[in-house]
Amino acid sequence: MKLLLAVLIFCEFAIPAIAEKKKRDFKGLFGSYRREKFTENEANSNDFGFDLMLSTLLPVTPVVKSTEVRGEAGDSLYYAMFFNLEGGAFFTIDYNWEAFLSVGYYGYESRKENTQVDAATPELPLFHQFEMSAIPIVVGVKYRLSTDDIVPYVGAGVGMSFVKRKASYDYDPAGQLVYEDSNAVITGTAILGLELYFAPRM
């Protein structure tokens with residue numbers, strides 16, 4: 001009887017204590033781990049860097065219109081392809097301010113099939129075609145609004161774009177229905193974005 005009483009007392013006090021210790025150890029290994037707060041944005045006050053962007057877009061306004069009947073209002077050419085390659089270099093001044101130079105290449109092509117058939121060549125579809133390329137060169141400034149891992153920024157820039165345009169039919173042996181021009185135009189940009197630091201100074 002005394003032995004049974006001793007076992008019961010042991011179970012009453014010793015087993016809960018051991019279980020609590022194991023529970024505490026388990027929590028200490030997994031549950032109570034806390035990562036120290038730190039900032040990966042270790043950018044210097046003055047840094048030099050570069051970026052490269054490859055993209056496309058869907059125009060929200062008509063780029064070009066055409067008509068099959070001279071004098072009538074034109075219809076928008078359907079979107080076909082837009083290719084954008086842009087590179088830039090920047091230099092930060094006192095961390096928050098950033099001066100940048102950006103150079104890009106934009107290529108746009110669009111076409112629309114005639115609804116009317118050419119009586120001389122009824123087997124051939126005719127397309128209204130439009131091609132445009134632009135090389136913008138822009139200088140500007142950005143202002144970074146924080147020093148956290150995710151940095152919002154605003155900016156503006158101004159420069160020039162060298163633009164070439166060509167409008168034509170895809171089947172025009174005489175080359176009479178081709179319009180081409182080249183222009184240098186003033187270009188501006190407004191910038192709003194976020195920088196994400198995924199590693200120190202990156």
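What counts as what
- Residues numbered from 1 in each chain as written.
- Predicted model: local features only at pLDDT ≥ 70, side-chain atom pairs only at ≥ 80, totals over all residues.
- Heavy atoms only, no water.
- Phe/Tyr/Trp six-rings, centres within 6.5 Å; stacked < 30°, edge-to-face > 60°.
- Helix = DSSP H or I, 4+ residues; strand = E, 2+ residues; numbered from the N terminus.
- Buried < 20%, exposed > 50% of the residue type's maximum accessible area, 1.4 Å probe, protein only.
- Core = buried A, V, L, I, M, F, W, Y, C linked by side-chain atoms within 4.5 Å.
- Contact = heavy atoms within 4.5 Å.

Some points on the packing of aromatic side chains
According to the stated counting rule, one finds four aromatic pairs in the structure shown. With centroids separated by 5.9 Å and ring planes inclined at 40 degrees, the aromatic side chains of Phe-82 and Tyr-106 adopt a geometry described as tilted. In this pair, Phe-82 sits in strand β4 (residues 78-93) while Tyr-106 sits in strand β5 (residues 97-113), placing the two residues 24 residues apart along the sequence. Centre to centre, the rings of Phe-82 and Tyr-108 are 6.4 Å apart; their planes meet at 55 degrees, and the pair counts as tilted. Of this pair, Phe-82 sits in strand β4 while Tyr-108 sits in strand β5, placing them 26 residues apart in sequence. Judged by its relative accessible area of 12%, Phe-82 is buried. The class for Tyr-108 is buried, based on a relative accessible area of 4%. Cluster of aromatic residues (ring-pair linked, three or more members): Phe-82, Tyr-106, Tyr-108 and Phe-130.

A few points about the nonpolar core
Val-64, Leu-77, Phe-82, Tyr-108 and Phe-130 form the largest nonpolar core, which has five residues in total. Beyond its immediate stretch of four places on either side in the chain, Phe-130 contacts Val-63, Val-64, Leu-77, Tyr-108, Glu-109, Ser-110, Arg-165, Lys-166 and Ala-167.

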